Each structure stands twice: as structure tokens, then as C-alpha cells.
Amino acid sequence: MTLSPERPAAATTASALPAESGPGEAEIVRAAASGDARAFEQLVNTHHRRVLYYLCNMVRHRHDAEDLTQQTFLKAFQHLGTFDCARPLINWLLTIARRTALNHFRDHKKWEHMPADVVGDAPSPARQLEDQDHAENLWARARRLLAPREFEVLWLRFSEEMSTKETARIMDLTQIHIKVLVHRARQQLLKGDIRS
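Worth saying up front: this structure is predicted, and the values here are computed from it rather than measured.

Cut-off values and rules
In every chain, residue numbers begin from 1 and rise along the written sequence. Local features in this predicted model are restricted to residues whose pLDDT is 70 or higher, and side-chain atom pairs enter the listing and the counts only when it is 80 or higher, whereas totals over whole chains, interfaces and linings include all residues. Side-chain metrics in this entry use all non-hydrogen atoms of the structure; hydrogen atoms and water are not considered. Each helix is a run of DSSP H or I of at least 4 residues and each strand a run of E of at least 2, with the numbering of both proceeding from the N terminus. Relative accessibility under 20% of the residue-type maximum defines a buried residue, over 50% an exposed one, and the middle range a partly exposed one, all with a 1.4 Å probe and only protein chains included. Pairs of residues are marked as contacts when any of their non-hydrogen atoms sit within 4.5 Å. Here the Shrake-Rupley method, with its probe set to 1.4 Å, supplies the accessible areas, and only the displayed protein chains count as covering residues. In this description, the arc belongs to the directions extending from the helix axis to the C-beta atoms. For helices, the axis comes from a line fit to the C-alpha atoms of the stretch in contact; other axes are also lines fit to C-alpha atoms, and the angle between any two N-to-C directions lies between 0 and 180 degrees. Any angle between 65 and 115 degrees counts as roughly perpendicular, while under 35 counts as roughly parallel, over 145 as roughly antiparallel, and the rest as oblique. Each crossing gets its handedness from the near helix: less than a right angle anticlockwise from the far helix is left-handed, clockwise is right-handed. Three classes are used: nonpolar for Ala, Val, Leu, Ile, Met, Phe, Trp, Tyr, Cys and Pro, charged for Asp, Glu, Lys and Arg, and polar for all others, with Gly counted as polar. Salt-bridge detection follows one rule: a side-chain nitrogen of Lys or Arg within 4 Å of a carboxyl oxygen of Asp or Glu. What makes a nonpolar core is a set of buried Ala, Val, Leu, Ile, Met, Phe, Trp, Tyr and Cys residues whose side-chain atoms join them at distances within 4.5 Å. By this rule the span expected of a helix is its residue count minus one, scaled by 1.5 Å.

Asks: Help me get a handle on the overall build of the chain, residues and values and all.
Replies: Scanning the chain from terminus to terminus reveals 9 helices and 0 strands. Secondary structure of the chain in N-to-C order comes out as α-α-α-α-α-α-α-α-α. Every one of the 196 residues in the chain was classed for burial, and the buried ones make up 45%. Counting contacts in the chain only where the partners sit at least 6 residues apart, residues at least 24 apart contribute 65% of the total. Carbon together with sulfur atoms contributes 51% to the accessible area of the chain, which is approximately 11000 Å² in total.

Asks: Lay out helix 1 (residues 24-33) with the relevant residues and their values.
Replies: Spacing of three or four residues puts side chains on the same side of an α-helix, whose turn is 3.6 residues. Within the span of helix 1, buried status applies to Glu25, Ala26, Ile28, Val29 and Ala32. For helix 1, the angular spread of the buried residues around the axis is 160°, confining them to a single face. Positive phi shows up at Gly35, right after helix 1, with a value of about 105°.

Asks: Tell me about the packing of helix 2 (residues 37-59) against helix 7 (residues 148-159), and please be specific about residues and values.
Replies: Remark: helix 2 packs on helix 7, axes separated minimally by 11 Å, with the N-to-C direction vectors making an angle of 165°. Looking at the two axes, helix 2 sits roughly antiparallel to helix 7. The interaxial crossing formed by helix 2 with helix 7 has right-handed handedness. Contact with helix 2, carried on its side by Tyr53, Tyr54, Asn57 and Met58, involves Phe151, Glu152, Trp155 and Leu156 of helix 7 and no other residues of that element. Along the lines of polarity and charge, the residues of the contact of helix 2 with helix 7 split into 6 nonpolar, 1 polar and 1 charged.

Asks: Outline the packing of helix 6 (residues 138-145) against helix 7, supporting the account with residue identities and numerical values.
Replies: It is at 10 Å that the axes of helix 6 and helix 7 come closest, and there the two elements cross at 155°. One element, helix 6, and the other, helix 7, form an angle in the roughly antiparallel class. Between helix 6 and helix 7, the contacting residues are Trp139, Ala142 and Arg143 on the first element and Phe151, Leu154, Trp155, Phe158 and Ser159 on the second. A class-by-class count of the residues in the contact of helix 6 with helix 7 yields 6 nonpolar, 1 polar and 1 charged.

Asks: Can you tell me about the pattern of salt bridges, naming the residues and giving the values?
Replies: Note that side chains of opposite charge can pair when their charged atoms are close. With the rule as written, the count across this model stands at 4 salt bridges. A salt bridge links Arg62 to Glu66; the nearest nitrogen and oxygen atoms lie 2.9 Å apart. Highlighted residues: Arg62 and Glu66, both in helix 3 (residues 62-78), separated by 4 residues, approximately one helical turn. Arg98 serves as the salt-bridge partner of Glu152, at 2.8 Å between the closest nitrogen and oxygen. A residue pair is termed long-range when its members are at least 10 positions apart, and Glu152 in helix 7 and Arg98 in helix 4 (residues 89-107) qualify at 54 residues. Each member of the pair, Glu152 as well as Arg98, is classed as buried.

Asks: Which residues make up the nonpolar core, and what values go with them?
Replies: Formed by 48 residues in total, the largest nonpolar core has its most connected members in Leu43, Val51, Tyr54, Trp92 and Leu94. At 11 residues, helix 2 tops the list of elements feeding residues into this core. What Leu94 contacts, discounting residues up to four positions off in sequence, is Arg50, Val51, Tyr54, Leu156, Glu160, Met162 and Ile170.

Asks: Help me get a handle on helix 3, residues and values and all.
Replies: In this model helix 3 runs 24 Å from its N-terminal to its C-terminal C-alpha over 17 residues, within 8% of the 24 Å that 1.5 Å per residue would give. Along helix 3, the residues classified as buried are Arg62, Ala65, Leu68, Thr69, Thr72, Phe73 and Ala76. Buried residues of helix 3, viewed axially, fall in a sector of 140°; they line one side.

Asks: Pulling in residues and values, what's your account of unusual backbone geometry?
Replies: The backbone of Arg60 shows a phi angle near 65°, a positive value even though the residue is not glycine. Note that Arg60 resides in the loop between helix 2 and helix 3. For Arg60, a relative accessible area of 7% gives the class buried. The residue Asp172 is not glycine, and still its phi comes out positive at about 60°. Position of Asp172 among the secondary structure elements: in the loop between helix 8 (164-171) and helix 9 (175-195). A relative accessible area of 61% means that Asp172 is categorised as exposed.

Structural data, given as C-alpha cells:
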């Protein structure tokens, strides 16, 4: 089975991504879990872009993000039978993606702070938007000012439009911890505005 859905357009944002599937998604998940390759391919095509963007923002290197996206879907395929169809599939996929990325960082022995200008061969989605708008992009600014965990919480809450509960589940934190991180991030961004 090959996981090679189309690459996302550079300027696509989470709001322009395909909407989550309705009640039919549960049937597709069940069919994929029972071995229907076409059903699984449909799930990959539906959620590939969001998983890839999330990982691009975590790892800051397009090639690594693409590899990790493929690993995420392979893990999802292997464990699809354990998925609770009452929950949104994208939340489960982003949880797998996050854990896969964290394992990637652990395998490389040390975490490095990567300046916003350091990217792989292709600019990050935030950098492309910044270049197109010829103005400072909110996400690029947030990345520069915030700690990685605070940035990730904001990304999930506001770019991916996840609830506090969903964000807490994906990041394996309590809802109160998520609220504290969002509050801290907002305060940090406000301080950055005052200095500008």
C-alpha cells in the first residue's frame, strides 16, 4: 500500500482543509479496519494535509514531516481496529503524529532550538504565507516568541480549531494545563506587541 496523496498547496491553511467527515466516516473506518485498502486510502486522502501541516509545524523540516506523516498513517493502519469510532478520527491521528514526532526527536538524542529562518529545502507553510503577504504572519511571530509547547497548544487550539479537551488529549496533558499554556502564550504575545 502506498501513501502518496497530493501535496498540499503552499498557501493552504487549516480553514481551507477538507472538513471532517460526517457520520459516514465511522463506516469507512470500520471497512478500513477489516482490510479494505480503498477505504483506508480514502481516510488518508481526507486527513493527510492536516497531519502533514501539524508535523511541519512540529519538526520544521518538510522532508522529515513527510516521513513522519507516512509513519503516522502506517501506525494508524496497524491499530485501526482499536480506534473508537465515536470519536473524531483526526484527533486520534494527530495524537499518533505527535507521539511519532516526539520519538523522532528522542532518536536524534537532543532537541535543538531551530530559528524561524532554518527550514529544509522548502519553506514552511508559515514562511510561505509570510512571504506572500509581505507582512509578519501571526504564526511565524508566535513561533519566534513562544516556547515550542506553548506554540503547539496555540496551533492545535486555534489553527486546528480543537477544543481544550481535544488538545489536552492529543498533548497528554490536563485541560487546566492547556488553559494555563494558552494564557501564558497570550501574555507572551502581548508582551511582544508592546516591545514592537
